[in-house]
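What follows is the residue order along each chain.
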Amino acid sequence: MDPNLTLIGQSIAMIVFVWFCMKFIWPPIMNAIEERQEQIAAGLAAAEKGQAKLEQSKAEAKGIIADARKQATGILDQAHSFANEIVSEGKSEGVKERDRQLAAAKADIEQEANRAREELRGEVSAIAIASAEKILQREIDAKQHEDILSKLAAEL
Amino acid sequence: MASEGEQGAQTSSEYIQHHLQNLQVCKDEAGEWVWNQCAGNLMTVNVDSMFFSVLLGVVFIWVFGKAARTATSGTPGKLQAFVEIIVDFVDSIVKDTFHGNSRVVAPLALTVFVWVFLMNFMDLIPVDWLPMAAAGIGIPYLKVVPTTDVNVTFGMSISVFVLIIFYTIKTKGVGGFVREMTMHPIAPPTRGAGLIAAPFIIAFNLILETVALVAKPLSLSLRLFGNLFAGELIFILIAIVGVWQLPLHFGWAVFHLLIVTLQAFIFMMLTIAYISLATEEH
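Residues numbered from 1 in each chain as written. Chains lettered and ligands numbered in written order. Predicted model: local features only at pLDDT ≥ 70, side-chain atom pairs only at ≥ 80, totals over all residues. Heavy atoms only, no water.

**Q** It is not clear to me how helix H2 (residues 12-19) of chain B should be interpreted in this structure. Could you clarify?
**A** Because the α-helix completes a turn every 3.6 residues, residues three or four places apart line up on one side. Those residues of H2 of chain B that fall on the buried side of the exposure criterion are Tyr15, Ile16 and His19 of chain B. Each buried residue of H2 of chain B sits inside an arc of 95° when the element is viewed along its axis, so together they form one side. (Buried < 20%, exposed > 50% of the residue type's maximum accessible area, 1.4 Å probe, protein only. Helix = DSSP H or I, 4+ residues; strand = E, 2+ residues; numbered from the N terminus. Arc of directions from axis to C-beta.)

**Q** Help me understand the packing of helix H1 (residues 6-136) of chain A against helix H4 (residues 78-97) of chain B in this model?
**A** Packed helices, taken two at a time, are described by the angle their axes make and the gap between the axes. Direction vectors running N to C along H1 of chain A and H4 of chain B enclose 90°, while the axes themselves pass 10 Å from each other. By the angle class used here, H1 of chain A and H4 of chain B are roughly perpendicular. From H1 of chain A, Trp26, Ile29, Met30, Ala32, Ile33 and Arg36 of chain A reach across to H4 of chain B, where they touch Gln80, Val83, Glu84, Val87, Val90 and Asp91 of chain B. Residues belonging to the contact of H1 of chain A with H4 of chain B are distributed by class as follows: eight nonpolar, one polar and three charged. (Axes fitted to C-alpha atoms, helices over the stretch in contact; angles between N-to-C directions. Parallel < 35°, antiparallel > 145°, perpendicular 65-115°, else oblique. Contact = heavy atoms within 4.5 Å. Nonpolar A, V, L, I, M, F, W, Y, C, P; charged D, E, K, R; others polar.)

**Q** Sorry, what's going on with the sheet that holds strand S3 (residues 44-46) of chain B here?
**A** Residue and element names in this part refer to chain B. Judged by pairing direction, the sheet is antiparallel, and its three strands sit side by side in the order S2-S1-S3 without closing on themselves. The open sheet has two edge strands with one neighbour each: strand S2 (33-35) and S3. Across this sheet, the average inter-strand angle for adjacent strands is 20°, counted without regard to direction. Of the pairings in the sheet, the one linking strand S1 (residues 24-27) to S3 comprises three bridges and is antiparallel in character. (Pairing = 2+ DSSP bridges.)

**Q** Where do I start with the interface of chain B and chain A in this structure?
**A** It is common to report an interface's size as the accessible area lost on association of the parts. Every contact between the two is made by 51 residues of chain B and, on the other side, 28 residues of chain A. Our count for the chain B to chain A interface comes out at one salt bridge. A salt bridge links Arg36 of chain A to Glu84 of chain B, with the nearest nitrogen and oxygen atoms 2.8 Å apart. Across the chain B-chain A interface, the total number found is 14 residue pairs in polar contact (both at pLDDT 80 or more). Counting only elements with at least two residues in the side of chain B that touches chain A, the list comes to S3, helix H3 (47-69), H4, helix H5 (105-121) and helix H7 (150-182) of chain B. The biggest single contributor to the side of chain B that touches chain A is H3 of chain B, with 11 residues. (Salt bridge = Lys/Arg side-chain N within 4 Å of Asp/Glu carboxyl O. Polar contact = N/O pair within 3.5 Å; in protein donor to acceptor, adjacent residues only side chain to side chain.)

**Q** How do you make sense of the pairing of S1 of chain B when you look at a structure like this?
**A** Consecutive side chains along a regular strand alternate between the two faces of the sheet. Residue and element names in this part refer to chain B. In this sheet, S2 lies alongside S1 in antiparallel orientation, the contact comprising three bridges. In the strand pairing of S2, Val25 is matched with Trp35. Hairpin geometry of S1 and S2 is characterised by an intervening segment of five residues between the two adjacent antiparallel strands and by a positive phi of about 85° at Gly31.

Rendered as structure tokens:
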């Protein structure tokens, strides 16, 4: 119970143990704990970030799909109207072509008819002259009545 | 257990005396080291106290050092998890109590807590086991609980005391330390007729603060020593009563388990608190 050298011995032992603990035990354990804390915190943050990103991507995807749908509808409409246009264009072209052909045919016919009429006129006048000649051969001098005859031919 | 029968005509009081006697070695007047004739000799070493305290300190260093060497920030092993629980427990207490920035205080608190706990824990080994084993190999006395030796508890509290003074001077300077010892709790008058009273007030303050300062290590060590000594004494008394000691021993051991842990915790807590007081301004 009396105070003695043990006191000093114990003090030295304590200093040594505390120094050892301070040097070799506390720092590595504390480092490990703190590092793990950081890792866990980082992991949690990353998970949260991932979640947020997922949400965002989902929203983005939804937007893109809606856009695509809209675009597709637009293209479809455009195609429809284009087709209609082509059809109506074709129709009007056909009508025009037909009209043109018709007009050409009419003109041809008219020309043909005119030509035939001219021919006919000549022939008729020739026949008329010939028949008149035959009739008049006896009583009319062709030379004397030539002016009348040519007047007649012009009239025909 | 049954020691009365085995140790011949030993009376109860002799049995108790025997259990409370340290194994001592000392330098006598002739300058020679002698065993167990050391009453009143200052040059004495309590070999058993030193042996067990250093042994338990080494156990602490070895177990915690092993955990520290293999410490990983990944998945911890079971030893590391166990060590980390204690380290984290001590660390949170230190952070709550001690606001300064010191690399010393937290490891000090950890060492004090675990070491004192281990030393206290020796109390739960049945009181006759180790002394009888020692007697078997020719060691006459053996006190197995270092903290029932007032030298051990004083040795630790004096280290703490030195740290208190060191931190006081470190944070407040020598002048601050002197001021703290003389200008509190009553501020001496600085002018007028009261100036005559100033020396007396300073002397009064000095006496008061010295008592307060010295009371810290004194109470720190005597509290631990008293609790553990009383606990040990009761274990010894229980060991005398014969067969009935078994339930009594169990009951007291369960209760003592609480004291062992609590005293280690209190010693650590007060160590932190004293150093924290030393580093803070009033």
